[in-house]
Amino acid sequence: GFKFVPARDGELVPIGFPAEDMDAEHRSAIELLPAHVSPDPGDLERFLDLANSLSVLAFRQFLESVFSDPEFAWAFVTLPAGRTCHHVFTGGLLKHSLEVAEGIQAVGNVMSSNRVMEEAAVVTGLLHDVGKVLLSGREAYRIPCLPHEHGSLIQYALQESLTSLRRIHRDAHDALWRVITAY
């Protein structure tokens, strides 16, 4: 959840905290997203709601793995989605990613009969622009993909988490891989 605390200038800022009934060892990376830098705390709540709505536990664990890197999480929460076309503001990447994932989820709830594939599409929607995080970093010149190669950037950015997902739930991994490569 979130609570608002006063900053030095007196303005209230959102701070993320784990559920009260969880001890320190069970804190999820998703629950510890950097709320203090988020331009829109409502987007973090939407993110938590989306992650918690996934019925395939392996996908929730996958998202926790992806967001366990504080530098990555910070960038995903604060970067704009684009430079000139849409969501060109601080926090735009998270907002745009949520809009895509929630749209896919709404369609999937009506049309899909395969829960794993439906949720793989939602996760891909959420992370479809994850390459922007990589391309914004100091090591961007080392990335072996071009900026317009979204599918390759997704695979490159998520390779460790995808490997973990494959070990814990092969069907979820294969479904996610099929959706990413189709993208």
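Just above sits the structure.
Okay, so let's go over this structure.

Criteria and cut-off values
- Here, residues in each chain are numbered from 1, in the same order as that chain's written sequence.
- Per-residue local features of the predicted model are confined to residues with pLDDT of at least 70, and side-chain atom pairs are confined, for both listing and counting, to 80 or more; whole-chain, interface and lining totals are unaffected and use all residues.
- Side-chain measures here rest on the full set of heavy atoms in the structure, leaving out hydrogens and waters.
- Definition used for salt bridges: Asp or Glu carboxyl oxygen within 4 Å of a side-chain nitrogen of Lys or Arg.
- By the criteria applied, helices consist of DSSP H or I runs no shorter than four residues and strands consist of E runs no shorter than two, each listed in order from the N terminus.
- Residue exposure (1.4 Å probe, protein chains only): buried if accessible area is under 20% of the type maximum, exposed if over 50%, otherwise partly exposed.
- Only residues whose relative accessible area exceeds 30% and that form no salt bridge are eligible for patches; like-charged ones are grouped when within 9 Å, while nonpolar side chains (Val, Leu, Ile, Met, Phe, Trp, Tyr) are grouped when within 5 Å.
- Only the protein chains shown count as cover for residues, and the accessible areas themselves come from Shrake-Rupley with a 1.4 Å probe.

1. With respect to the pattern of salt bridges
Scanning the entire structure with this criterion turns up 6 salt bridges. Between Asp 43 and Lys 95 there is a salt bridge, and its shortest N-O distance comes to 3.0 Å. With Asp 43 in helix H1 (residues 41–53) and Lys 95 in helix H4 (residues 92–111), this residue pair connects regions lying 52 residues apart in the sequence. Classification of Asp 43 as buried rests on a relative accessible area of 3%. Lys 95 gets classed as buried once you look at its relative accessible area, which sits at 18%. Close ionic contact of Glu 119 with Arg 115 constitutes a salt bridge, the shortest N to O distance being 3.3 Å. One end of the pair, Glu 119, and the other, Arg 115, are both in helix H5 (residues 115–127), 4 residues apart, so they sit about a helical turn from each other. Owing to a relative accessible area of 2%, Glu 119 belongs among the buried residues under this scheme. Put simply, Asp 43, Arg 46, Lys 95 and Glu 102 are held in one network by salt bridges that share partners.

2. Details of a nonpolar patch on the surface
Nonpolar side chains collect at one region of the surface, where Val 107, Val 110 and Met 111 lie side by side and expose about 350 Å² of accessible area between them. You can see Val 110 is positioned in helix H4. The exposure class assigned to Val 110 is exposed, which follows from its relative accessible area of 69%.

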